[in-house]
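What the coordinates show
So the chains spell out like this:
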Amino acid sequence: MIVVVEGPTAAGKSTWVGAHAGRGRVPEETVAAPDPASSDAELAVYWTELSCRRWRNALRMETSNGFAVCDGDPFKLHYSYGLLRLGHVTVERFAAEVAAARSAIAGSRLGVADLVLCSIPSQSTLARHRDDDVGRRRRNFALHRQLAGPLEEW
C-alpha cells in the first residue's frame, strides 16, 4: 500500500508522517530548481521526471516494508492545477504537464497512491505552524498557502 499525506505548506504533513510512518517513510529529496528559461514542455518533463523518481522510491519502500508513506504526492499534478487556478502558469503549461504525466502513467513510471490523506487547515493555522517551526525556511509561503483552495477543488 502506498499512502500519500497531502496539504498546503505548513499543514502538518511532515509532522504527521514523522509520527506515523515509521519504517515506511519515503525519504524526501532536495532538488535543484529547473532553468527558468525552459520551455513549457521542458518544465513539464523536468517536474514529471522528479515525480517518477519519487514514485520509484515509494514502490521500493512498499516492496521492502509492505507499505510506503509519502510526505506529499509523487503525482503532483494538483500543484500545477493550483498554479493555473491562481494565474501563475498558462493553460499551455498545465496541458504540457498533463501530457507528460499521462505519458509517464501509460509507461508505468508514475502511479496513483492507494490512499491520499489530505489536511487543509485554516490560513491562520498555516501561519501559526510556519511561525512555530523555526527549523524550516518555507520559501514561497505566501504563494503556497494560496494553493489550499485549488487543492481542495482538486
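Counting restarts for each chain: residues are numbered from 1 in the order of the written sequence. With pLDDT at 70 or above as the cut-off, local features in this predicted model cover only qualifying residues; side-chain atom pairs require 80 or more to be listed or tallied, and sums for whole chains, interfaces and linings still use all residues. Side-chain metrics in this entry use all non-hydrogen atoms of the structure; hydrogen atoms and water are not considered.

This brings us to the packing of helix α2 (residues 40-65) against helix α4 (residues 91-106). Note on definitions: angles span 0 to 180 degrees between N-to-C directions of axes, and those axes are lines fitted to C-alpha atoms, for helices only across the stretch in contact. Runs of H or I in DSSP of at least four residues are treated as helices and runs of E of at least two as strands, each being numbered from the N terminus. Direction vectors running N to C along α2 and α4 enclose 40°, while the axes themselves pass 8 Å from each other. Put simply, α2 runs oblique to α4. The handedness of the crossing between α2 and α4 is right-handed. Contacts between α2 and α4 involve D40, A41, L43, A44, W47, T48 and C52 on the former and, on the latter, E92, R93, A96, E97, A100, A101 and A104. Any angle between 65 and 115 degrees counts as roughly perpendicular, while under 35 counts as roughly parallel, over 145 as roughly antiparallel, and the rest as oblique. Crossing handedness is defined as follows: a turn of the near helix away from the far one that is anticlockwise and smaller than a right angle gives a left-handed crossing, while the clockwise case is right-handed. Working rule for contacts: check all heavy atoms of both residues, and any pair within 4.5 Å makes them a contact.

A separate point is the nonpolar core. Nonpolar core, defined: a set of buried Ala, Val, Leu, Ile, Met, Phe, Trp, Tyr and Cys residues in which side-chain atoms within 4.5 Å join the residues together. In this scheme, a residue with accessible area under 20% of its type's maximum is buried, one over 50% is exposed, and one in between is partly exposed, where area comes from a 1.4 Å probe on protein chains only. Counting 18 residues, the largest nonpolar core has I2, V26, A58, A68, C70, L77 and L110 as its most contacted members. When contributions to this core are tallied by element, the ones reaching two or more residues are β1 (2-6), α2, β2 (68-71), α3 (77-85) and α4. Dropping the residues within four chain positions of it, C70 is found in contact with I2, V3, V4, V5, V17, V26, R54 and A58.

Below, the discussion takes up a nonpolar patch on the surface. Excluding any residue in a salt bridge, patches collect residues exceeding 30% relative accessible area, merging like charges within 9 Å and nonpolar Val, Leu, Ile, Met, Phe, Trp and Tyr side chains within 5 Å. Per-residue and other accessible areas follow the Shrake-Rupley method at a 1.4 Å probe size, with only the shown protein chains counted as cover for residues. Here a salt bridge means any side-chain nitrogen of Lys or Arg lying within 4 Å of a carboxyl oxygen belonging to Asp or Glu. Nonpolar side chains collect at one region of the surface, where M1, W16, L115 and L117 lie side by side and expose about 340 Å² of accessible area between them. Take L117: it is sitting in strand β3 (residues 115-118).

Planes of paired rings set the category: under 30 degrees apart is stacked, over 60 is edge-to-face and the rest tilted, where pairs are Phe, Tyr or Trp rings (Trp by its six-membered ring) whose centres lie within 6.5 Å. Going through the model one piece at a time under the given rule, you end up with 3 aromatic pairs. Ring geometry for Y81 and W154: centres 5.4 Å apart, planes at 45°, overall tilted. With a gap of 73 residues between them, Y81 in helix α3 and W154 in the segment after α7 (148-153) connect regions that are remote in the sequence. The exposure class assigned to W154 is partly exposed, which follows from its relative accessible area of 46%. In textbook terms, an aromatic cluster arises when at least three aromatic residues are bridged by ring pairs, as seen for Y81, F94 and W154.

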